[in-house]
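Single-letter residue listing:
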Number of protein chains: 2
Amino acid sequence: MIPSKDDLIRAHSRIKSYIHSTPLMRCESIDKICGATIQFKCENLQKAGAFKSRGASNAVFKLMESGFTGRVATHSSGNHAQALSRVAKFAGIEAHVVMPENSLKSKIAAVQEYHADITFCIPTLEARESTLAKVMQEVEAVEIHPYDNYDIIAGQATAAKEILEDYSPDIIIAPVGGGGLLSGTALAAKYFGNNVKVFAAEPEMANDAKLSFDSKTFVPSVNPQTIADGLRTSLGDLTFPIILDHVDEILTCSEDSIVKAMRLMWERAKIMAEPSSAAALAIVMNHPEIFKGKNIAIIVSGGNADLDNLPW
Amino acid sequence: MIPSKDDLIRAHSRIKSYIHSTPLMRCESIDKICGATIQFKCENLQKAGAFKSRGASNAVFKLMESGFTGRVATHSSGNHAQALSRVAKFAGIEAHVVMPENSLKSKIAAVQEYHADITFCIPTLEARESTLAKVMQEVEAVEIHPYDNYDIIAGQATAAKEILEDYSPDIIIAPVGGGGLLSGTALAAKYFGNNVKVFAAEPEMANDAKLSFDSKTFVPSVNPQTIADGLRTSLGDLTFPIILDHVDEILTCSEDSIVKAMRLMWERAKIMAEPSSAAALAIVMNHPEIFKGKNIAIIVSGGNADLDNLPW
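Rules used in this analysis
- Residues numbered from 1 in each chain as written.
- Chains lettered and ligands numbered in written order.
- Predicted model: local features only at pLDDT ≥ 70, side-chain atom pairs only at ≥ 80, totals over all residues.
- Heavy atoms only, no water.
- Domains from an automatic or database assignment.
- Contact = heavy atoms within 4.5 Å.
- Buried area = accessible area lost by both parts, 1.4 Å probe.
- Salt bridge = Lys/Arg side-chain N within 4 Å of Asp/Glu carboxyl O.
- Least-squares fit on C-alpha atoms with pLDDT ≥ 70 in both.
- Pairing = 2+ DSSP bridges.
- Helix = DSSP H or I, 4+ residues; strand = E, 2+ residues; numbered from the N terminus.
- Axes fitted to C-alpha atoms, helices over the stretch in contact; angles between N-to-C directions.
- Buried < 20%, exposed > 50% of the residue type's maximum accessible area, 1.4 Å probe, protein only.
- Arc of directions from axis to C-beta.
- Core = buried A, V, L, I, M, F, W, Y, C linked by side-chain atoms within 4.5 Å.
- Polar contact = N/O pair within 3.5 Å; in protein donor to acceptor, adjacent residues only side chain to side chain.
- Nonpolar A, V, L, I, M, F, W, Y, C, P; charged D, E, K, R; others polar.

**Q** Explain the domain arrangement of chain A here, please?
**A** One frequent convention defines the size of an interface as the accessible area lost when the parts assemble. Residues and elements named next belong to chain A. Partitioning chain A into structural domains gives domain 1 (5-50 + 157-300) and domain 2 (53-143). Put simply, the middle of domain 1 and the middle of domain 2, counted by C-alpha atoms, are 23 Å apart. Contacts between the two partners involve 23 residues from domain 1 and, on the opposite side, 20 residues from domain 2. Summed over the three residues of domain 1 that lose the most area to domain 2, namely Arg-14, Tyr-18 and Ala-48, the buried surface amounts to 38% of that side. If you look at where domain 1 meets domain 2, you find five salt bridges. The residue Glu-65 makes a salt bridge to Arg-14 at a minimum N-O spacing of 2.8 Å.

**Q** For this particular structure, what's the right way to read the relation of the copies chain A and chain B?
**A** Between the two copies of the chain lies a rotation about an axis combined with a shift along it. Here chain A sits on chain B after a turn of 180° about the axis and a move of 0.0 Å along it, with an RMSD of 0.0 Å. In symmetry terms, the pair is related by a two-fold rotation axis. Closest approach to the rotation axis within chain A is made by the C-alpha atom of Met-272 of chain A, at a distance of 3.6 Å. Looking at the interface residues of chain A, 100% of them are also at the interface in chain B, so both copies use one shared face.

**Q** Would you mind showing me how to read the sheet that holds strand β4 (residues 95-100) of chain A here?
**A** Within a beta sheet, neighbouring strands are joined by backbone hydrogen bonds and run either parallel or antiparallel to one another. All names here are of chain A. Taken together, four strands build an open sheet; the order of strands is β5-β4-β3-β6 and the sheet is parallel. Only two strands of the sheet have a single partner each, and these edge strands are β5 (117-121) and β6 (141-143). Strand-to-strand twist across the sheet, computed as the mean angle between neighbouring axes with direction ignored, equals 25°. Pairing of strand β3 (residues 71-75) with β6 involves three bridges; the strand directions are parallel. Looking at β6, one finds that Ala-73 is bridged to Glu-143.

**Q** Help me understand the pattern of salt bridges in this model?
**A** A pair can form between side chains of opposite charge whenever their charged atoms are brought close. If you walk through the whole model with that rule in mind, you get 34 salt bridges over all chains. Residues Asp-151 of chain A and Lys-62 of chain A are paired through a salt bridge, measuring 2.8 Å at the closest nitrogen-oxygen approach. One end of the pair, Asp-151 of chain A, is in helix α7 (residues 150-166); the other, Lys-62 of chain A, is in helix α3 (residues 52-65), and 89 residues separate them in sequence. The residue Arg-26 of chain B makes a salt bridge to Asp-31 of chain B at a minimum N-O spacing of 2.7 Å. Under the relative-accessibility criterion, Arg-26 of chain B is labelled partly exposed at 46%. Residue classification places Asp-31 of chain B among the buried positions, given a relative accessible area of 8%.

**Q** For this particular structure, what's the right way to read helix α9 (residues 208-215) of chain B?
**A** Every α-helical turn comprises 3.6 residues, leaving residues that sit three or four positions apart pointing alike. All names here are of chain B. Residues Asp-208, Ala-209, Ser-212 and Phe-213 constitute the buried set of α9. Each buried residue of α9 sits inside an arc of 125° when the element is viewed along its axis, so together they form one side. Packing partners of the buried residues in α9 comprise β8 (197-203), α10 (239-246) and β9 (249-253). Directly after α9, the chain includes Lys-216, whose backbone phi takes a positive value near 55°.

**Q** Explain the nonpolar core to me, please; I cannot follow it from the model alone.
**A** Soluble, globular proteins show a tendency: their nonpolar side chains are buried together. Residues Ile-173 and Leu-281 of chain A together with Ile-173 and Leu-281 of chain B are the most contacted members of the largest nonpolar core, which totals 82 residues. Residues in contact with Ile-173 of chain A, not counting those within four places in the same chain, are Phe-199, Ala-201, Ala-280, Ile-283, Val-284, Phe-291, Ile-296, Ala-297, Ile-298 and Ile-299 of chain A. If you look at the next biggest cluster of nonpolar residues, it comprises 34 residues, including Ala-174, Leu-181, Ala-186 and Ala-200 of chain B.

**Q** Would you explain unusual backbone geometry in this entry?
**A** Generally, phi is negative for residues other than glycine and the peptide bonds are trans, each holding for most cases. Residue and element names in this part refer to chain A. At Lys-270, a position not held by glycine, the phi torsion is positive, near 55°. Counting through the fold element by element, Lys-270 comes out in the loop between α11 (255-267) and α12 (275-286). Overall, Lys-270 belongs to the buried group, its relative accessible area being 7%.

**Q** Would you mind showing me how to read the pairing of strand β10 (residues 295-300) of chain B here?
**A** In regular strands, side chains alternate between the two faces of the sheet. All names here are of chain B. Counting buried positions along β10 yields five of six residues, so the element is predominantly enclosed. Bridging between strand β7 (residues 171-175) and β10 involves three bridges; their strand directions are parallel. Note that in β10 the partner of Ile-171 across the bridge is Ile-296.

**Q** Looking at this structure, I do not really get the interface of chain A and chain B. What am I missing?
**A** Every contact between the two is made by 26 residues of chain A and, on the other side, 26 residues of chain B. Taken together, both faces of the contact between chain A and chain B bury some 2,100 Å²; the carbon and sulfur share is 52%. Linking chain A with chain B are eight salt bridges. The shortest N-O distance in the salt bridge between Glu-113 of chain B and Arg-268 of chain A comes to 3.3 Å. For the interface between chain A and chain B, the tally reads 12 residue pairs in polar contact (both at pLDDT 80 or more). Among the secondary structure elements, those contributing two or more residues to the side of chain A that touches chain B are α2 (28-34), α4 (79-91) and α11 of chain A. A per-class count over the side of chain A that touches chain B returns 10 nonpolar, five polar and 11 charged.

**Q** Looking at this model, I keep getting lost on the environment of Thr-124 of chain A. Mind explaining?
**A** Residue and element names in this part refer to chain A. With respect to the helices and strands, the residue Thr-124 is situated in the loop between β5 and α6 (125-139). By relative accessible area, which is 25% here, Thr-124 ends up partly exposed. Between the C-alpha atoms of Thr-124 and Asp-237, which are 113 residues apart in sequence, the distance is 18 Å.

And the structure:
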């Protein structure tokens, strides 16, 4: 069932000691460039470097509350894999992760450091799912899906819940890949916000969520070529309906504008945003007709950029 | 006169609305690597990207309190120039800065953005001082020295004052260039700390402060070739005696260890430290016999790294 207001409150108290309550940061010069007031919710400073620690902690510790002592498994291009591996280590259970072979080296290294078992596959959704099915059968593991899981969605929602405890934005913007963060954000805005709009940012080169949203019909993402490696996945069966009902608009941005926004965040705000995170600032910069003069919260989803291959 | 405890308290309340009270951040994996508990005082998130905003704000607004309406001038390789330009703009007065011609492009651009007047010179202390003297005479400006000024020292001290309001470290570590931050940190530790030791970090390639400290005799820095561009300057007439009296030890580190520490801070802690800031973590990593098991605060002095020339 779609997480209720109480589910979000319970998720937040369940995970609080395993995550950071990340800071909101402002940057005068970015505000000036955008003509808006932007608070960045710094999930790049979250445990394991991304908001994914919220959902993974909620899903794993909710399982543990019910007496679970088995293994968990997932497929992930990186941040969810890191988050799940980290929380499994805390919980004292084994994590098995399927990663596409083009995942960032730094993300693979981080998963290895948490002692998770990694299986690589080719970078298609089909290969990820079939490899995961095989791994789960072999080791008898329970799947913790990176986004299409209500406990994950409730966990990701706590980022926007924290924003709304500290700030009253007109608009919250989250990037959209599989839609876990976006659907959670939309639910938190509905339950805890005061008439706050929810926008999503997506690369033009991976615009399946926008096509799905605008046509109200699921459109899959097929091996998209975007620098925003966290946004390459398709929407899920559980995330898509929530997004359709509670998100105001999905806007897309070019690869160039993502790199420009990312550089601005690093150089001016000293916020190490990974490309997926910079998409949200990119849409603000590209659409002054929508965002000028507004109070905006941007969820900086993660900071796990590959320092050997920065895009400038 | 050497700033008193009251001078530091007054400085802090004078500048509070012009600076950030920057966060302390911890990183599990860096703690694990070092076998210590390290709180990073994130002055890279300070206004204008470095602790220098503290001293510049204190010096300029103290001048303004006494009715000053003239021009201010300084020489600086970058961070003090940015900080002074920014605060002069707030105060509504003109800033004139002399910058060595090998200053980072990003630092020059930031100074230009605050509409300060820049004069370039060759990168020696003599050239900086003679060029500044000329500029000051031409425009009738008052010098705000980057470190050899008690109001600057009192301002820089507020970073350690904030640390000690939130945390009880065994040791505070600051990098040392001209000694403004270090002497201020040592005063704050003495006035507000509970038996806290103060260590300084300096590049081996610019070890004039260590030579001066160990021999108790001023040794100048002569065009040193270190990646830590903020630490190339010599100690000052005002900073050196405070450092001699109140600092416990100065340790040096190799260029390689600075780059390694900087990368670790970026990759694991998502803290964008400029090389000068990474020197402090480098000495912790190089000296487990001193730092292991300790509660340490490291002042991350600034984050104005050149994103087009990262050292890895």
